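# Per-entry structural report
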Amino acid sequence: FARRFRTTILEPISDNDLLVALHPFVTEGWQVPGGERVYMEASAQRAIVELSRGEPFLFQLAGERSWYAGTDDLITAEHVRTGWRDAAPEAEAHVQRILDRLPPRERHFLEAMAALPPEERTLTNIARSMGYERTTDAGPTAQRLDLTRGIIRRGRPYDFRHRAVGAYLTSEWPRLNRG
């Protein structure tokens with residue numbers, strides 16, 4: 001029973017793998033009922049990959065909303081942008097649910113990490129930003145976020161394995177045009 005209920009952390013899907021998955025849409029199209037084919041511009045393919053940040057759910061969400069944003073037989077980058085504007089609240093809620101499930105100390109760690117420039121994301125700097133005197137005070141939290149949660153990747157420097165969480169904490173993503 002232990003194996004049945006063990007949590008498995010999935011790695012994000014690489015951008016290259018997502019591009020390959022969408023490639024048949026660009027070159028061959030997708031047959032729909034009635035025998036017609038729907039194609040995708042290469043720029044739309046790249047936009048979906050960029051917006052989904054390696055997350056399978058977000059990849060599906062971006063693709064679905066792009067599909068329904070138009071009515072002709074070509075999905076364009078503009079369809080992707082239009083569809084994503086409608087999907088952005090759902091994408092944001094998805095990432096927010098991940099963050100809301102974290103204990104306060106882990107959330108604080110991620111926020112401190114996100115506030116630092118990427119090249120300065122070391123355990124020492126993150127611990128200092130959290131107000132700890134010793135680096136070892138933040139070590140177990142970093143280990144949990146890496147090994148148990150799969151949200152960060154420890155190294156020199158630390159980075160976000162879960163790229164949607166990283167983008168949410170460090171940029172305007174998932175909003176295309178805030179303000």
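From a predicted model like this one, the values you see are computed outputs, not experimental measurements.

## Let's talk about the sheet that holds strand S3 (residues 74–75)
- Read from one edge of the open sheet, 3 strands run S1-S2-S3, paired in mixed fashion. Each end of this open sheet is capped by a strand with a single partner; those strands are strand S1 (30–31) and S3.
- With 2 bridges joining them, S1 and strand S2 (residues 37–40) adopt antiparallel strand pairing. Paired with Trp30 across the bridge in S2 is Val38.

## Description of the nonpolar core
- One finds Phe109, Leu110, Ile152 and Trp173 to be the most contacted residues of the largest nonpolar core, which totals 47 residues.
- It is helix H5 (residues 77–100) that contributes the most residues to this core, 8 residues altogether.
- For Ile152, the contacting residues outside a window of four places in its chain are Phe109, Leu110, Met113, Ala142, Leu145, Asp146, Tyr158, Asp159, Phe160 and Arg161.

## What about the packing of aromatic side chains?
- Scanning the model with the defined rule gives 4 aromatic pairs in all.
- Aromatic side chains Phe25 and Trp30 sit 5.7 Å apart centroid to centroid with 25° between the ring planes, which places their arrangement in the stacked category.
- Judged by relative accessible area, which is 51%, Trp30 ranks as exposed.
- Seen in terms of ring centroids, Trp84 and Trp173 are 6.3 Å apart; in terms of plane orientation they differ by 40°. Their pairing is tilted. Of the two residues, Trp84 is situated in helix H5 and Trp173 in the segment after helix H9 (163–170); the sequence distance between them amounts to 89 residues.

About the cut-offs
- Residues numbered from 1 in each chain as written.
- Predicted model: local features only at pLDDT ≥ 70, side-chain atom pairs only at ≥ 80, totals over all residues.
- Heavy atoms only, no water.
- Pairing = 2+ DSSP bridges.
- Helix = DSSP H or I, 4+ residues; strand = E, 2+ residues; numbered from the N terminus.
- Core = buried A, V, L, I, M, F, W, Y, C linked by side-chain atoms within 4.5 Å.
- Buried < 20%, exposed > 50% of the residue type's maximum accessible area, 1.4 Å probe, protein only.
- Contact = heavy atoms within 4.5 Å.
- Phe/Tyr/Trp six-rings, centres within 6.5 Å; stacked < 30°, edge-to-face > 60°.

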